[in-house]
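Given next are the chains, with one letter for each unit.
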Amino acid sequence: MTKGIQFDASGKLTHLLTLEGLSRQALVEILDTAESFIAVGEREIKKVPLLRGHTVVNLFFEPSTRTRTTFEIAAKRLSADVINLGVSTSSTTKGETLLDTVRNLEAMRTDLFVVRHAESGAAHLIAQHVPKHVHIINAGDGRHAHPTQGLLDVFTIRRHKGAFEKLKVALIGDILHSRVARSDIHALNTLGVKELRVIAPKTLLPTAVEKLGVVPYTDIEAGLDDVDVVMMLRIQRERMQGAHIPSEQEYFRVYGLTPDKLACAKPDAIVLHPGPMNRGLEIDSTVADGPRSLILPQVTYGIAVRMAVMALILGGREEPLGRRA
Amino acid sequence: MRPEIDIDATLAGMTEALRTYLPRHPVMVGIHTGGVWVAERLHKALGLTDPLGALDISFYRDDFTRIGMNPEVKASNLSLGIDSRHVILVDDVLHTGRTIRAALNELFDYGRPASVILAALIERDGRELPIEAQVVGAHLKLAKNQHVKLIGPDNLALRIQSITGEVSA
């Protein structure tokens, strides 16, 4: 899939589809911009007028609560108008194709689509077919990418752990089905972490996973040894066809993040999870609700990160929709 | 090029002019970046006890859709609260008035001040909005393609730059 499509002729971000191929400078610019939006979320009036008059469409072909809500809040805090279209209310059930749906929404003079779809590449497909003044943010496509989740994860790490060069990071769980893992891996490698490990049973590791620039571990205690950041992934029961894990009890016993296993990591290691959590499957409640968990701050930061991406994509356009002749 | 303006004497003059506002127990708010440098000096000279506030108007600019995000947005800090307070808004250069328009909009997202006055180190020609400063350090008349910039934060100095090509607001 092309990464060139994400930038316009002047090198400005025009779609965000994947973190693969984004430079360190581009990532840092997004993170710095997100940092400046944190303060807006802490005010009494949590709204700035940057995207007044712009229309953002949340186009969700796959269910989501957290991602859709945080995109909606982010757009509203930037004063954009937001329309939410869920799969159950969409005309795709009446046989309309994905591109027909998008073309109709374009005809309503919308500016930005936030797209989630069960098929890998759906957001790319749309981005290839929209006119120049319409922008796409991928909010998760199949197993491929979830770039804003990757960004909010690295934002969380930077805020709580500082420079990436010193950090050992472990991703644990369903690497095989996880678009979050792929986005995290691209971002963390570009930002130059000292060491990036993935920990999972062989059945949940993609073949030749080393090629992504990670060190695989099947033993969680060895994999967690001396790490600064523990990134949990959700076991995606809905994407599992066949026997990837023996049983939930057995998986939790071997790979569930419990206080005992977390003790292998550095004493000040932080714990992340993209949600929604399967308590008692990939993570123990004591850890999820414990002092090292940043799972709820991640949600808060996700709003600032999504505000940053939308502001960077829609700002600085010579001919915004509202002012075009 | 440096204009013939003694900044210390100008600040002293502004301080005297602002003294008449002291009975209102004003709060002072500087606009990033140069306005904060000026405000820090006035705040100290006037002996104001409430902490100095700071505004970054990047999210309120009227040219965002044209020029995009400012890469160096500083956090606004108005933790002191401005509800029902008399606010002295401080900037380094009053030019088109657009920065002040944006600052007023942002200010009102933090609360409802009892009153706002504007103090500017330099007032130059080229106003595009009906905005005036109540306290002015010095007046400058410049050509349209000339810009005056405050250099800081330690030793404040003024620079006049000629801009070739398109002049931005």
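Keep in mind that what you see is a predicted model, and the values were worked out from it rather than measured.

(A) Broad picture of the overall build of chain B. For chain B, the helix and strand inventory stands at 4 helices and 7 strands. What you see in chain B, going N to C, is helices and strands ordered as α-β-α-β-α-β-α-β-β-β-β. For chain B, the C-alpha radius of gyration of 15 Å lies close to 15 Å, the compact-globule estimate for 169 residues. If one aligns the C-alpha atoms of chain B with their principal axes, the spans along those axes are about 45 × 40 × 30 Å. Computed over 18 positive and 21 negative side-chain charges, the separation of the two mean positions in chain B equals 2 Å.

(B) Structural detail: the pattern of salt bridges. As enumerated under the stated definition, the model contains 23 salt bridges over all chains in all. The salt bridge involving Arg-24 of chain A is made with Glu-165 of chain A; its shortest N-O contact spans 2.4 Å. Here Glu-165 of chain A lies in the loop between helix 5 (147-161) and strand 5 (168-172) and Arg-24 of chain A lies in helix 1 (residues 24-41), a separation of 141 residues in the sequence. In the salt-bridge network here, residues are joined through shared partners; they are Arg-43 of chain A together with Glu-106 and Asp-109 of chain B.

(C) Representation of the interface of chain B and chain A. Taken together, the 16 residues of chain B in the interface contact 21 residues of chain A. Together, the buried faces of chain B and chain A total about 1500 Å²; carbon and sulfur atoms form 64% of this surface. Between Asp-109 of chain B and Arg-43 of chain A there is a salt bridge, and its shortest N-O distance comes to 3.7 Å. For the side of chain B that touches chain A, the elements supplying multiple residues, two or more each, are helix 3 (64-67) and helix 4 (98-108) of chain B. The greatest single-element share of the side of chain B that touches chain A, amounting to 4 residues, is contributed by helix 3 of chain B.

(D) Representation of the nonpolar core in the model. Residue and element names in this part refer to chain A. Among the nonpolar cores identified, the biggest contains 114 residues, and Phe-37, Leu-50, Val-230 and Met-310 are the most heavily contacted of them. The leading source of residues in this core is helix 11 (residues 295-314), at 13 residues. Two domains each donate at least three residues to this core, and these are domain 1 (2-144 + 300-314) and domain 2 (147-296). Not counting the four nearest positions on each side in its chain, Met-310 is found in contact with Leu-51, Val-56, Phe-71, Ala-74, Ala-75, Leu-78, Leu-112, Ile-137 and Gly-315.

(E) Expanded view of the environment of Ile-100 of chain B. Residue and element names in this part refer to chain B. By the element assignment, Ile-100 lies in helix 4. Counting along the chain gives 32 residues from Ile-100 to Glu-132, while the straight-line C-alpha distance between them is 9.4 Å. Those residues in contact with Ile-100, other than ones at most four positions away along the chain, are Ile-31, Leu-89, Asp-91, Leu-94, Leu-118 and Ile-131.

(F) Highlighting the sheet that holds strand 2 (residues 53-55) of chain B. Residue and element names in this part refer to chain B. Spatial strand order, 2-1-3-4-5: 5 strands in an open sheet with parallel pairing. If you trace the sheet from one side to the other, it starts and ends with strand 2 and strand 5 (135-140), each paired once. Across this sheet, the average inter-strand angle for adjacent strands is 25°, counted without regard to direction. By the bridge criterion, 3 bridges tie strand 1 (residues 27-31) to strand 2 in an arrangement that is parallel. Within strand 2, the position partnered with Val-29 by the bridge is Gly-53. Contacts from helix 2 (residues 34-46) reach strand 1, strand 2, strand 3 (86-94) and strand 4 (115-124), with the element oriented near 155° to strand 1.

(G) Summary view of the domain arrangement of chain A. Residues and elements named next belong to chain A. With domains assigned, chain A is organised as domain 1 (2-144 + 300-314) and domain 2 (147-296). Here domain 1 and domain 2 have C-alpha centroids that lie 25 Å from each other. Opposite the 34 residues of domain 1 that make contact, domain 2 presents 29 residues. Buried area between domain 1 and domain 2, summed over both chains or domains, comes out near 2700 Å², and the portion from carbon and sulfur atoms is 58%. On the domain 1 side of the contact with domain 2, Leu-19, Arg-143 and Tyr-301 bury the most area, a combined 27% of that side's loss. At the surface where domain 1 touches domain 2, the tally comes to 4 salt bridges. Put simply, Asp-32 and Arg-158 hold a salt bridge, and the shortest N to O gap is 2.9 Å. Linking domain 1 with domain 2 are 11 residue pairs in polar contact (both at pLDDT 80 or more), by the criterion used here. Contributions of two or more residues to the side of domain 1 that touches domain 2 are made by helix 1, helix 2 (66-77), strand 3 (112-117), strand 4 (135-141) and helix 11. When residues of the side of domain 1 that touches domain 2 are assigned to their parent elements, the largest contribution, 9 residues, is made by helix 1. Tallied by class, residues from the side of domain 1 that touches domain 2 come to 15 nonpolar, 9 polar and 10 charged.

(H) Just the packing of aromatic side chains, in detail. All told, the structure shown has 3 aromatic pairs over all chains when counted by the stated rule. Aromatic side chains Phe-37 of chain A and Phe-59 of chain B sit 4.3 Å apart centroid to centroid with 10° between the ring planes, which places their arrangement in the stacked category. Highlighted residues: Phe-37 of chain A in helix 1 and Phe-59 of chain B in the loop between strand 2 and helix 3, drawn from two different chains.

(I) Local environment of the sheet that holds strand 9 (residues 270-272) of chain A. All names here are of chain A. Reading across from one edge, 7-6-5-8-9 is the order of the 5 strands in this open sheet, with parallel pairing throughout. The strands lining the two open edges of the sheet, one partner per strand, are strand 7 (215-217) and strand 9. Strand after strand, the sheet turns through a mean of 20° between neighbouring axes, direction not considered. As defined by bridge partners, strand 6 (residues 195-199) adjoins strand 7 across 3 bridges and the pair is classed as parallel. Across the sheet, the residue bridging to Arg-197 is Val-215, located in strand 7.

(J) Spotlight on the pairing of strand 2 (residues 81-86) of chain A. Residue and element names in this part refer to chain A. Direction of pairing for strand 1 (residues 55-60) relative to strand 2: parallel, over a ladder of 6 bridges. If you follow Val-57 over to strand 2, its bridge partner there is Ile-83. Handedness of the β-α-β unit built from strand 1, helix 2 and strand 2 comes out right-handed.

Conventions we followed
For every chain, the first residue of the written sequence is number 1, and numbering continues from 1 along that sequence. Whichever chain is written first is A, and whichever ligand is written first is 1; the rest continue in order. The predicted origin of the model limits local features to residues at a pLDDT of at least 70 and limits the giving and counting of side-chain atom pairs to 80 or more, whereas totals for whole chains, interfaces and linings rest on all residues. Remark: hydrogens and water are excluded; side-chain values derive from all non-hydrogen atoms of the structure. For helices the rule is a DSSP run of H or I covering at least 4 residues; for strands it is a run of E covering at least 2, with both sets numbered from the N terminus onward. Two things to know: the radius of gyration comes from C-alpha atoms, and the globule rule equals 2.2 Å times the number of residues to the power 0.38. Charged residues are defined here as Lys and Arg on the positive side and Asp and Glu on the negative side; His and the ends of the chain fall outside this count. Charge positions are represented by NZ for Lys, CZ for Arg, CG for Asp and CD for Glu. Salt bridge, as applied in this entry: a Lys or Arg side-chain nitrogen positioned within 4 Å of an Asp or Glu carboxyl oxygen. What makes two residues a contact is simply this: any of their non-hydrogen atoms within 4.5 Å. Summed over both partners, the accessible surface that disappears when two parts come together, traced with a 1.4 Å probe, is what is meant by buried area. Note on terminology: a nonpolar core comprises buried Ala, Val, Leu, Ile, Met, Phe, Trp, Tyr and Cys residues joined through side-chain atoms within 4.5 Å. To sort residues, take the accessible area from a 1.4 Å probe on protein chains only and compare it with the maximum for the residue type: under 20% means buried, over 50% means exposed, and anything in between is partly exposed. The domain limits used here are those given by an automatic or database domain assignment. Two strands are said to pair when DSSP picks up at least two bridges between them. For helices, the fitted line uses only the C-alpha atoms of the stretch in contact; every axis is such a line through C-alpha atoms, and the angle between N-to-C directions lies from 0 to 180 degrees. Think of a polar contact as two N or O atoms within 3.5 Å of one another; within protein, one of them needs to be a possible hydrogen donor and the other a possible acceptor, and neighboring residues in sequence only count if both atoms come from side chains. Polar here means any residue other than Ala, Val, Leu, Ile, Met, Phe, Trp, Tyr, Cys and Pro, which are nonpolar, and Asp, Glu, Lys and Arg, which are charged; Gly is therefore polar. Working definition: rings of Phe, Tyr and Trp (its six-membered ring) pair if their centres are within 6.5 Å, and the pair is stacked with planes under 30 degrees apart, edge-to-face with planes over 60 apart, and tilted otherwise. Seen with the strands pointing away from the viewer, any crossover whose path from the first strand over the helix to the second strand runs clockwise is right-handed.

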